[in-house]
Amino acid sequence: MAAELGGPLHLVSRAEAIDEISTLTGQNLRRLRTRRGYSLDRLAKISGVSRAMLGQIETGKSSPTVVILWKIAAALEVSCGSLIAEPHETALQVLTHAKAKVLSASDGRFQTRALFPYESERKVEFYELRIAPHHTETAEPHRSGTVENLVVSRGTVEVVAGRHAPQILGEGDAIIFEADVAHSYRNMTGNEAVLYLVTTYVEEVRG
């Protein structure tokens, strides 16, 4: 009986978390866009994200994938966390798995879970990445000065950054690279790969 009661409650919490992401993203996108003096058309041109999609995000009708989030953040020259920033942050916070902010791409084959409380001025972000078996996720260049530090917790992953030779990482291996170039992560195994990512924005985050 306890298990039956626990299941639905967990699902509701995750659904509420997704709704919260949509709402916060919409509010912050509008605030950051207007602060930069951009119209939706202007931001669409710079980011490569359609005006219709930007409008849906701003009104909370659509939750962006991590790829779209990266594109918008790069166009606005802010961190990804700035787009889903919490309105307030306390001195101590517990980030429960049930209410985690999970962003997905490639039909769910690539997922990122924030392991930090969002705030607009954050220069370092910490994520858990999950990559489906044999899936390759390609990321567009982040803004200049961005550095990624990855460690593989489970699986074997190939990382390609710009023109550097592909690097194959096993469990416990780590890599650090400048992420202002196109880069990709490829799960080389038949099981889900789990990585932890620290993203550092060297330049001052404006938000």
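Residues numbered from 1 in each chain as written. Predicted model: local features only at pLDDT ≥ 70, side-chain atom pairs only at ≥ 80, totals over all residues. Heavy atoms only, no water.

Chemist: Any chance you could break down the pairing of strand β5 (residues 146-154) for me, citing the residues and the numbers?
Modeler: Pairing of β5 with strand β10 (residues 193-201), which is carried by eight bridges, proceeds in the antiparallel orientation. Across the sheet, residue Asn149 finds its bridge partner in β10, namely Val198. (Pairing = 2+ DSSP bridges. Helix = DSSP H or I, 4+ residues; strand = E, 2+ residues; numbered from the N terminus.)

Chemist: I'd love a proper account of the pattern of salt bridges, names of residues and values included.
Modeler: Summed over the entire model, instances satisfying the criterion amount to 10 salt bridges. Put simply, Arg113 and Glu128 hold a salt bridge, and the shortest N to O gap is 3.2 Å. Separated by 15 residues along the polypeptide, Arg113 in strand β2 (residues 110-114) and Glu128 in strand β3 (residues 124-131) bring together distant segments of the chain. The same class applies to Arg113 as to Glu128, namely buried. Overlapping salt bridges, with partners in common, bring together Arg113, Glu128, Arg130, Arg154 and Glu192 in one network. (Salt bridge = Lys/Arg side-chain N within 4 Å of Asp/Glu carboxyl O. Buried < 20%, exposed > 50% of the residue type's maximum accessible area, 1.4 Å probe, protein only.)

Chemist: Give me the pairing of β10: which residues, what numbers.
Modeler: In this structure, β3 lies alongside β10, joined through eight bridges in antiparallel fashion. For Phe126, the partnering residue across the bridge sits in β10 and is Val198.

Chemist: Got a sec to walk through the confidence of the model for the chain? Specific residues and values, please.
Modeler: Taken residue by residue, the chain gives an average pLDDT of 82. The fraction at 70 or more is 82%. Within the chain, strand β7 (residues 167-169) carries the highest mean pLDDT (98), whereas helix α1 (residues 2-36) carries the lowest (64). In this model residues 1-14 is a low-confidence stretch, pLDDT under 50, and it forms seven contacts with partners more than four residues away in sequence or in other chains. (pLDDT = per-residue confidence, 0-100. Contact = heavy atoms within 4.5 Å.)

Chemist: Which residues make up the sheet that holds β7, and what values do they have?
Modeler: Read from one edge of the open sheet, four strands run β4-β9-β6-β7, paired in antiparallel fashion. Only two strands of the sheet have a single partner each, and these edge strands are β4 (136-139) and β7. Recorded for the sheet is a direction-independent mean angle of 20° between the axes of neighbouring strands. For strand β6 (residues 157-161) and β7, the ladder comprises three bridges, and the chain directions are antiparallel. Across the sheet, the residue bridging to Val159 is Gln167, located in β7. (Axes fitted to C-alpha atoms, helices over the stretch in contact; angles between N-to-C directions.)

Chemist: Break down the side chain of Glu158 for me, citing the residues and quoting the values.
Modeler: Within the fold, Glu158 resides in strand β6. Looking at Glu158, the relative accessible area reads 16%, which means it is buried. Once residues within four sequence positions are removed from consideration, Glu158 is found in contact with Pro166, Gln167, Ile168, Ser184, Tyr185, Arg186 and Met188.

Chemist: An account of the nonpolar core is requested, with residue identities and associated values reported.
Modeler: Core analysis: the biggest nonpolar cluster contains 45 residues, and Ile72, Leu76 and Leu150 have the highest contact counts within it. No other element matches helix α4 (residues 66-76), which puts eight residues into this core. Leaving out residues up to four positions away in the same chain, Leu76 has contacts with Leu29, Leu32, Arg33, Arg36, Tyr38, Leu43 and Leu83. (Core = buried A, V, L, I, M, F, W, Y, C linked by side-chain atoms within 4.5 Å.)

Chemist: I'd love a proper account of unusual backbone geometry, names of residues and values included.
Modeler: Within the chain, Ser106 stands out as a residue other than glycine whose phi angle is a positive 55°. Mapped onto the fold, Ser106 is located in the loop between β1 (102-105) and β2.

Chemist: Please give an account of α4 that cites residues and values.
Modeler: The element α4 is largely enclosed, with a buried count of eight among its 11 residues. Taken together, the buried positions of α4 are occupied by Val66, Ile68, Leu69, Trp70, Ile72, Ala73, Ala75 and Leu76.

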